[in-house]
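# Coordinate inspection notes
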Amino acid sequence: MAKPTPQQASFTELTPLCKALGMIVTDVGVGTATFTMPYNPALIGDPDTGVIHGGPVSVLLDSVSGLAVIAHPDNTAMTATIDLRIDYMRPSPAGQDLTAHAEVYHTTRTVAFIRASAWADDETKPVAQATGAFVFAKKAAS
């Protein structure tokens, strides 16, 4: 992992929904990205428990995956989500920030495939995991 470039770091600032949710790009590597989403009481889905609603978790996983695709060295363009499957594993602990990490594990000429995970206090106990397919524009072979 490496510190994000200014352009990569601005990804969440330039995406209105990411900005509204307070997402921060923390790391970007070769086809990988990591974001943090600070806990925000406005995002609570269950007032009795303080658990974050699944919607912001989905946006977090989708967005971190998109930047991972953009950061892939063979990518030549922006991306868009084709398909994203999210499995919710457990509630997000009340009062805790969420971290999400995504990696591109396979590419074709036009599609990048990702795996992503979001967690709060323990990376080995994910709140949610995702797999997906994103638009990919592969560099022509030289």
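In what follows, the accompanying structure is described. (Residues numbered from 1 in each chain as written. Predicted model: local features only at pLDDT ≥ 70, side-chain atom pairs only at ≥ 80, totals over all residues. Heavy atoms only, no water.)

### Things to note about the sheet that holds strand β6 (residues 98–107)
Applied cut-off: For two strands to pair, DSSP has to find at least two bridges joining them. The helix count covers DSSP runs of H or I at least four residues long, the strand count covers runs of E at least two residues long, and both are numbered beginning at the N terminus. In this analysis an axis means a line fitted to C-alpha atoms, helices contributing only their contacting stretch, and an angle means the value between N-to-C directions, from 0 to 180 degrees.
Read from one edge to the other, the open sheet built from six strands follows the order β1-β2-β6-β7-β8-β5, with strand pairing classed as antiparallel. The sheet is open, and its two borders are formed by β1 (24–29) and β5 (81–88), each paired with just one other strand. Neighbouring strand axes in the sheet, compared pairwise and without regard to direction, differ in orientation by 15° on average. Pairing between strand β2 (residues 32–37) and β6: six bridges, direction antiparallel. The partner of T34 across the bridge, within β6, is H101.

### Remarks on the environment of D87
Worth spelling out the cut-off: Only heavy atoms enter the contact rule, under which two residues are in contact if any of them lie within 4.5 Å. We define a polar contact as two N or O atoms separated by no more than 3.5 Å, with the added condition that, inside protein, one atom must be a possible hydrogen donor and the other a possible acceptor, whereas residues neighbouring each other in sequence contribute only through side-chain atom pairs.
Of note, D87 is situated in strand β5. When the C-alpha positions of D87 and S117 are compared, they lie 9.5 Å apart, and in sequence the two are 30 residues distant. Those residues in contact with D87 that lie beyond four places of it in its chain are V127, A128 and Q129. One polar contact links D87 to R85, side chain to side chain, over a distance of 2.7 Å.

### Looking at the environment of T110
Operational definition: Remark: exposure states derive from per-residue accessible area (1.4 Å probe, protein chains only) relative to the maximum for the residue type, with buried under 20%, exposed over 50%, and partly exposed in between.
Counting through the fold element by element, T110 comes out in the loop between β6 and β7 (111–119). For T110, a relative accessible area of 40% gives the class partly exposed. T110 sits 26 residues away from F136 along the chain, and the two C-alpha atoms are 4.6 Å apart. Non-local contacts of T110, meaning those with residues more than four positions away in its chain, are made with F134, V135 and F136.

### Digging into the nonpolar core
As a reminder of what qualifies: Put simply, buried Ala, Val, Leu, Ile, Met, Phe, Trp, Tyr and Cys residues joined by side-chain atoms within 4.5 Å make one nonpolar core.
Counting residues in hydrophobic clusters, the biggest one holds 35 residues, and the most contacted among them are M23, F35, L60 and L61. Mapped by element, the contributors of at least two residues to this core are β1, β2, α4 (54–70), β6, β7 and β8 (128–135). The element best represented in this core is α4, accounting for eight residues. Contact partners of L61, with chain neighbours within four places excluded, come to I86, A100, A116, S117, A118, A128 and A130.

### Quick word on the pattern of salt bridges
Quick note on the threshold: Salt bridge criterion: a side-chain nitrogen from Lys or Arg within 4 Å of a carboxyl oxygen from Asp or Glu.
As enumerated under the stated definition, the model contains three salt bridges in all. Between D87 and R85 there is a salt bridge, and its shortest N-O distance comes to 2.7 Å. Taking the relative accessible area as the measure of exposure, D87 reaches 30% and is therefore partly exposed. A salt bridge links D121 to R90, with the shortest nitrogen-to-oxygen separation between them at 2.7 Å. In this pair, D121 sits in the loop between β7 and β8 while R90 sits in the loop between β5 and β6, placing the two residues 31 residues apart along the sequence.

### Quick look at α4
This is how the line gets drawn: In this scheme, a helix's expected span is set at 1.5 Å multiplied by one less than its residue total.
Helix length check: α4 (17 residues) gives 25 Å between terminal C-alpha atoms against 24 Å at 1.5 Å per residue, within 8%. All of the buried residues in α4 are P56, V57, V59, L60, L61, S63, V64, S65, G66, L67, A68 and V69.

### Quick look at the side chain of S63
Here S63 lies in helix α4. Every residue in contact with S63, bar those within four places of it in the chain, is listed here: F11, C18, M23 and F35.

### Here we look at the pairing of β2
Residues in a regular strand point their side chains to alternate faces of the sheet. In terms of burial, β2 is largely enclosed, as six of its six residues are buried. Across the two faces of β2 the burial is the same, with T32, T34 and T36 and A33, F35 and M37 all buried. Sheet analysis places β1 next to β2, joined by five bridges and oriented antiparallel. Across the sheet, V28 pairs through a bridge with A33, a residue of β2. Remark: two residues form the turn of the hairpin made by β1 and β2, two consecutive strands paired antiparallel; G31 in that turn has positive phi of roughly 70°.

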